[in-house]
Amino acid sequence: MTQELIDLRNSILEARYTDALAIVDELEGMSRQAILRQIQSFLLRLLLQLIKNQVEQRLTNSWAASISDSIRQIKKLNLQDNKTAYYVKIEEWEAMIEE
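Quick caveat: nothing in here was measured; it's all calculated off a predicted structure.

Enquirer: Sorry, what's going on with the overall build of the chain here?
Expert: The number of helices and strands found in the chain is 4 helices and 0 strands. For the chain, the N- to C-terminal ordering of α and β elements is α-α-α-α. Relative to a compact globule of 99 residues, whose C-alpha radius of gyration would be 13 Å, the chain shows 19 Å and is clearly more extended. The contacts of the chain with a sequence gap of at least 6 include a subset with a gap of at least 24, amounting to 47%. In the chain, which carries 12 positive and 15 negative side-chain charges, the distance between the mean positions of the two groups comes to 11 Å.

Below is the structure:
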């Protein structure tokens, strides 16, 4: 990402705004992918805890805390900065869970 920031700075200084916007788009894509990886990580943790709960037919305090924390983190990560859109849309959850 450091090289991208250097290229962005140079593009702006050299008034190559089309290049600068392309770099911004690339950085936004990288950020989105990082957030989706984090969501997937918490989703995996959530699913593992739910499976353990189902198999063992009991819920320990630590499992309950892990489940609650995973849900809270997924909700927080999924809400975009503008607070009106989500990274993972409703229709995309099933595919993400199956993955």
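Enquirer: When you look at the confidence of the model for the chain in this model, what are you seeing that I'm missing?
Expert: The predicted coordinates should not be examined in detail at positions where pLDDT is low. For the chain, per-residue confidence averages 91 on the pLDDT scale, and residues scoring 70 or more make up 99% of the total. Here helix H1 (residues 2–13) stands out as the element of the chain with the lowest mean pLDDT, 90, in contrast to helix H3 (residues 61–78), whose mean of 94 is the highest.

Enquirer: Sorry if this is basic, but what is going on with the nonpolar core here?
Expert: Nonpolar side chains tend toward joint burial in soluble globular proteins. Core analysis: the largest hydrophobic core is formed by 12 residues, namely Ile 35, Leu 36, Ile 39, Phe 42, Leu 43, Leu 46, Ile 67, Ile 74, Leu 77, Tyr 87, Val 88 and Met 96. Contributions of two or more residues to this core are made by helix H2 (17–56) and H3. Counting residues per element, this core draws most heavily on H2, at 6 residues. When near neighbours in sequence (up to four residues on either side) are disregarded, Ile 74 contacts Ile 39, Phe 42, Leu 43, Leu 46 and Trp 93.

Enquirer: Whenever I open this one, the side chain of Gln 80 confuses me. Can you help?
Expert: Within the fold, Gln 80 resides in the loop between H3 and helix H4 (93–98). On the basis of relative accessible area, Gln 80 is assigned to the buried category, the value being 19%. Not counting residues up to four positions away in its chain, the partners in contact with Gln 80 are Arg 32, Ala 85, Tyr 86, Tyr 87 and Lys 89.

Enquirer: How should the environment of Arg 58 be read in this particular structure?
Expert: Mapped onto the fold, Arg 58 is located in the loop between H2 and H3. Not counting chain neighbours up to four residues away, the residues in contact with Arg 58 comprise Asn 53 and Trp 63. A polar contact is formed between the side chain of Arg 58 and the side chain of Glu 56, at a distance of 2.9 Å.

Enquirer: Hey, could you run me through the packing of H1 against H2 in this one?
Expert: For any two helices packed against each other, one specifies the crossing angle of their axes together with the interaxial distance. Two elements in contact, H1 and H2, have axes separated by 8 Å at closest approach and are oriented at 155°. When the axis of H1 is compared with that of H2, the two are roughly antiparallel. For the pair H1 and H2, the sense of crossing is left-handed. Facing Glu 4, Leu 5, Asp 7, Leu 8, Ser 11 and Ile 12 of H1, the residues of H2 in contact are Tyr 17, Asp 19, Ala 20, Ile 23, Val 24, Glu 26, Leu 27 and Met 30. Its residues assigned to classes, the contact of H1 with H2 shows 9 nonpolar, 1 polar and 4 charged.

Quick notes on the rules
- Residues numbered from 1 in each chain as written.
- Predicted model: local features only at pLDDT ≥ 70, side-chain atom pairs only at ≥ 80, totals over all residues.
- Heavy atoms only, no water.
- Helix = DSSP H or I, 4+ residues; strand = E, 2+ residues; numbered from the N terminus.
- Rg over C-alpha atoms; globule rule 2.2 N^0.38 Å.
- Contact = heavy atoms within 4.5 Å.
- Lys, Arg positive; Asp, Glu negative; His and termini not counted.
- Charge placed at Lys NZ, Arg CZ, Asp CG, Glu CD.
- pLDDT = per-residue confidence, 0-100.
- Core = buried A, V, L, I, M, F, W, Y, C linked by side-chain atoms within 4.5 Å.
- Buried < 20%, exposed > 50% of the residue type's maximum accessible area, 1.4 Å probe, protein only.
- Polar contact = N/O pair within 3.5 Å; in protein donor to acceptor, adjacent residues only side chain to side chain.
- Axes fitted to C-alpha atoms, helices over the stretch in contact; angles between N-to-C directions.
- Parallel < 35°, antiparallel > 145°, perpendicular 65-115°, else oblique.
- Left-handed = near helix turned anticlockwise from the far one by under 90°.
- Nonpolar A, V, L, I, M, F, W, Y, C, P; charged D, E, K, R; others polar.

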